[in-house]
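Next come the chains, spelled out residue by residue.
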Amino acid sequence: MVSGSSLTSTSTPSISLLKDELDIVIPTIRNLDFLEMWRPFFQPYHLIIVQDGDPSKTIRVPDGFDYKLYNRNDINRILGPKAACISFKDSACRCFGYLISKKKYIFTIDDDCFVAKDPSGKEINALEQHIKNLLSPSTPFFFNTLYDPYREGADFVRGYPFSLREGVQTAVSHGLWLNIPDYDAPTQLVKPLERNKRYVDAVLTVPMGTLFPMCGMNLAFNRELIGPAMYFGLMGDGQPIGRYDDMWAGWCMKVICDHLGLGVKTGLPYIWHSKASNPFVNLKKEYKGIYWQEELIPFFQTAVLPKECTTVQTCYLELSKLVKAKLGKVDDYFNKLADAMVTWIEAWDELNPSENPGSSAAVKPNGAAKGK
Amino acid sequence: MSLKLEDNEVDIVVAALRPNLNTFLEEWRSFFSNFHLIIVKDPNLEEDLQIPPGFDHQVYTKSDMDRVLNGASINFSGHSCRYFGYLISRKKYIISIDDDCLPARDNSGVIVDAVAQHISNLQTPATPFFFNTLYDPYRQGADFVRGYPFSLRDGVECLLSCGLWLNIADYDAPTQIVKPHERNTRYVDAVMTVPLRAMMPLSGINIGFNREVLGPALVPGLRLDGEGKRRWETIEDIWSGMCAKVICDHLGCGVKSGLPYVWRGVGSDADNAMDSLKKEWEGVKLMEEVVPFFQSVKFPKTAVTAADCVIEISRMARENLASLNPVYAQAADTMEAWVDLWKVAGS
C-alpha cells in the first residue's frame, strides 16, 4: 500500500463539495496520466487507486494528489482468504476500493476517461454533477416527462402527483460518455467508427421495476445507502467471463434499490471516453455473457426479496441464495459467484463493522409502488 | 414536395378553441401542408373559424358531433373536442398539437418538424422491457449499449409518441403560481421509451399515436367539474394517457417520450394561474387517487384490443373509484359510451 500526501491546490477556486466525504476509486493497470486533466476537479479529494495485474510494477501517480494505492499483495494481505472474491486482471477489482473506503460517497472512473466539454465548449466537472445527482432526490415511482424536476429551470409537470414530489434518496448516479460509446463486442465489430456525439442535457431517474445496463466507467454512489450491493463479481483471470462486472453489480443494485425504495439516476454527467478496446479481445471475454444474459435478465426481473430483508446486506445475501437456486443450473460459474457474493458481504461487514447500510433508507415492501 | 407513403396514413387533428387559426396554421404550413387536417371546433365557440387557404382540411362542428353522438352523452367541449377528431379519422396515425404552439428550434437553430419526428417515433420500435442508457437505440449515431439483451433488440411497436414544449412548459396551476416567470429553455436531444409499468403524465399538447391499434384508449373520460379552457384547468389528457399507458403495457407495445419539441406560448395564459387554482386543485387532489388506481390495474388475458381494455378500466373504475368521487362514475360511463361509439363511428 502506497500513500501520497497532498499539496494545497491554488488552481481551483470553486468550492469542492463533499471533499471529506467522498473517495475517488480508480482501477488501473497501466498509468494514471489521465489524472493531469482532471486535476482541477479531483485534487481536493482522496483517491483510492486499485492496481490490477503485476504488483511488482510501480504505478506512477502524478504529484499533488492525496491517495492510497492498493496492489494485489495488499488485497491479499487485507482480506486473507476472502481476497478470492476480488477479481484479478479485470477492472472489476475496483470494488475492493469500495470495500476499503471509509467515506460516505464513492466516485469511480476509468483511467481512459477524460474531461468532456458541453455544447457551449465549457469543460464538464463530472464529479460535481454526480454530487448534485446524489444530493438531490430521485423520483422512481412516476416518470416526469421533463426529466429531473429538481434541476434549475425544470419542475414536475402537470399531472404529477403531489404526494410523490418529495422523491426518495438517490443511491446511484450513472454517468454517460461521449466519443467511444460503451458498446458490446458484436456492435463494435459492426460499427467500429461510430462515436457518440450527442450531448443529451438530462438527468433522469430510472423507474422502479426497470433494469438497465450499468456502466462502471463514470459512476458514483452513496456507499452508506447501497455500498454492499456494489460487488463487481468474479471476472478476468481464471473466470469464464469478463466485461459483465458492472452489469452484474447494476442488476443486483437495482433490484435492491427497488426493494428498499432508493433511487437510481442516469444521464449527466458526460466524460470523454478516449480508448476503444479491441473488439476481438472483448468478444472472447463477453461471449458467454451474451448467452447467459438471456437467462440473467428474466432472473433479475422476477427476483423477489422478502419483506424481512430491510438492509442492503440481507437483501444481497438473499439474492445470492436466489442466484444459486436459479442460475446454478445455467452454469456452475453462478454457484461460485453466489459463494463469492457471500464472501464479499462477510468482507464488507468485517471491514465496516459500525455501518448498517440500508437502515437509513426508507423501507418499503417488495414490489409495491407507492402512490401516496 | 413528394408524397411519401406516410402522408396518406396520417391525419393532423387540430382542436380549435380560438377562432383565429391563421398564425398557427401559417407557422406550421411547411410541415402540415402534405397532410389532411381535421379541424374540430370547440362546441362552445361561437365565432367562425379563420383558416388560411391552401390546406387540405375538413372542419367539424357541434352539429357534426351531435349527429355522430346520436344521443350518447360524451362531452366534447374545450380541449376534449379533439377526441372527436380522433374518432372520425380513418387514418393509421394521428398527430395533434395545441393551437397555441408553434414550431420550435433545436440547439443548432434549425426549425423542428414535429410531424416528421412523431411519425418517425411511431414507425421505429420502442424498447419498454429494458432501459437503454443511450436512449433511442434506433437513432442515427446511437445503438444498444453493452449489457442490453440481444433478444430484446427488435423492440416492439410504438403506439404513442409524447412530445415536449419549450417556453411555457405544461405545469399545473400551483406550479405556475409559484414560478410565473419560469420558461423551459432546455432542449433535451433525446427520445426514449417509457419503461413497462412506469406511469407518466401524458400532456395532450403535442402527441402522435397509432389510431388503428390504440385509438379507443385515448378517451375523453375524466372531466373536472369546473374544467376550463386553459390546459392547467384540465385533466382529460392525464387520464387518457394513463389509460393508454396501461393498455400499451398490456398489449406489449411501447410509449415514447421526448422529441419533438414545440414552442408553446402564443395565446397561452401563463399568467392568471391564480384563477385556475380553484378549478385545477380538484384535479390535483384526484391524481392522488388516480395514480394508485392505475398502478393496480390488471387486465384479463381475454382483453386483446384497446377497446376491450377500456371497458375493463371502466369496470374497475366503477368498482374501485366511483365511491370516492362522482367524476369517476361519470368517467366510467363516458368510457363505455366511447367504446360503443367507436364501434359504430370509429371503425
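Criteria and thresholds
- Residues numbered from 1 in each chain as written.
- Chains lettered and ligands numbered in written order.
- Predicted model: local features only at pLDDT ≥ 70, side-chain atom pairs only at ≥ 80, totals over all residues.
- Heavy atoms only, no water.
- Helix = DSSP H or I, 4+ residues; strand = E, 2+ residues; numbered from the N terminus.
- Buried < 20%, exposed > 50% of the residue type's maximum accessible area, 1.4 Å probe, protein only.
- Polar contact = N/O pair within 3.5 Å; in protein donor to acceptor, adjacent residues only side chain to side chain.
- Contact = heavy atoms within 4.5 Å.
- Axes fitted to C-alpha atoms, helices over the stretch in contact; angles between N-to-C directions.
- Parallel < 35°, antiparallel > 145°, perpendicular 65-115°, else oblique.
- Left-handed = near helix turned anticlockwise from the far one by under 90°.
- Nonpolar A, V, L, I, M, F, W, Y, C, P; charged D, E, K, R; others polar.
- Salt bridge = Lys/Arg side-chain N within 4 Å of Asp/Glu carboxyl O.
- UniProt positions renumbered as here; feature names shortened; annotations may be inferred.
- Phe/Tyr/Trp six-rings, centres within 6.5 Å; stacked < 30°, edge-to-face > 60°.
- Pairing = 2+ DSSP bridges.
- Right-handed = clockwise from strand over helix to strand, strands pointing away.

Residue and element names in this part refer to chain A. Of note, S136 is situated in the loop between α4 (126-135) and β7 (170-179). Of the residues examined, S136 reaches a relative accessible area of 17% and is grouped as buried. Side-chain polar atoms of S136 contact the backbone oxygen of K132, separated by 3.0 Å. Excluding residues within four positions of it along the chain, S136 makes contact with D148, Y150, T170 and K265.

Our next topic: the packing of helix α2 (residues 62-69) of chain B against helix α3 (residues 81-88) of chain B. Residue and element names in this part refer to chain B. It is the contact of α2 with α3, at a shortest axis distance of 11 Å, that shows an interaxial angle of 60°. Between α2 and α3, the interaxial angle falls into the category oblique. Two packed elements cross with a definite hand, and for α2 against α3 that hand is left-handed. Between α2 and α3, the contacting residues are D64, M65 and V68 on the first element and C81, F84 and L87 on the second. Looking at the contact of α2 with α3 residue by residue, the class counts come to 5 nonpolar, no polar and 1 charged.

Considering all chains together, one arrives at 37 salt bridges over all chains under this definition. The partner of K245 of chain B in a salt bridge is D249 of chain B, and the shortest N-O contact between them spans 2.9 Å. Pair noted here: K245 of chain B and D249 of chain B are both in helix α7 (residues 236-251), with a separation of 4 residues, about one helical turn. Taken as a pair, K245 of chain B and D249 of chain B share a single burial class, namely buried. The network of salt bridges with common partners includes R151 and D201 of chain A together with R186 of chain B.

The feature "glycosylation site" (unreviewed entry), as given by UniProt, occupies R158 of chain A in the numbering adopted here. Here R158 of chain A lies in the loop between α4 and β7. A polar atom in the side chain of R158 of chain A sits 2.8 Å from the side chain of D170 of chain B.

This part is about the packing of aromatic side chains. Enumeration according to the criterion identifies 39 aromatic pairs over all chains in this entry. With a centroid separation of 4.5 Å and 50° between ring planes, the pair formed by F156 of chain A and Y160 of chain A is classed as tilted. Both residues of the pair, F156 of chain A and Y160 of chain A, count as buried. For the pair F144 of chain B and Y148 of chain B, a centre-to-centre distance of 4.5 Å together with 50° between the ring planes defines the contact as tilted. Its relative accessible area of 1% is what places Y148 of chain B among the buried residues.

Attention shifts here to the pairing of strand β2 (residues 36-41) of chain B. Residues and elements named next belong to chain B. Among the 6 residues in β2, 6 count as buried, and that is most of the element. Alternating positions in β2 separate into two faces, H36, I38 and V40 on one and L37, I39 and K41 on the other, with burial throughout. Sheet analysis places strand β1 (residues 10-16) next to β2, joined by 6 bridges and oriented parallel. Counterpart to A16 in the pairing with β2 is K41. What joins β1 to β2 is helix α1 (residues 22-32), and the crossover it makes is right-handed. For β2 and strand β3 (residues 57-60), the ladder comprises 4 bridges, and the chain directions are parallel. Across the sheet, I38 pairs through a bridge with Q58, a residue of β3.

All names here are of chain A. When you line up the elements, C93 lands in the loop between α2 (72-79) and α3 (95-100). Judged by its relative accessible area of 1%, C93 is buried. Along the sequence, C93 and Q239 sit 146 residues apart, while their C-alpha atoms lie 13 Å from each other. Excluding anything up to four places from it in sequence, C93 contacts P27, V50, D52, I86 and S87.

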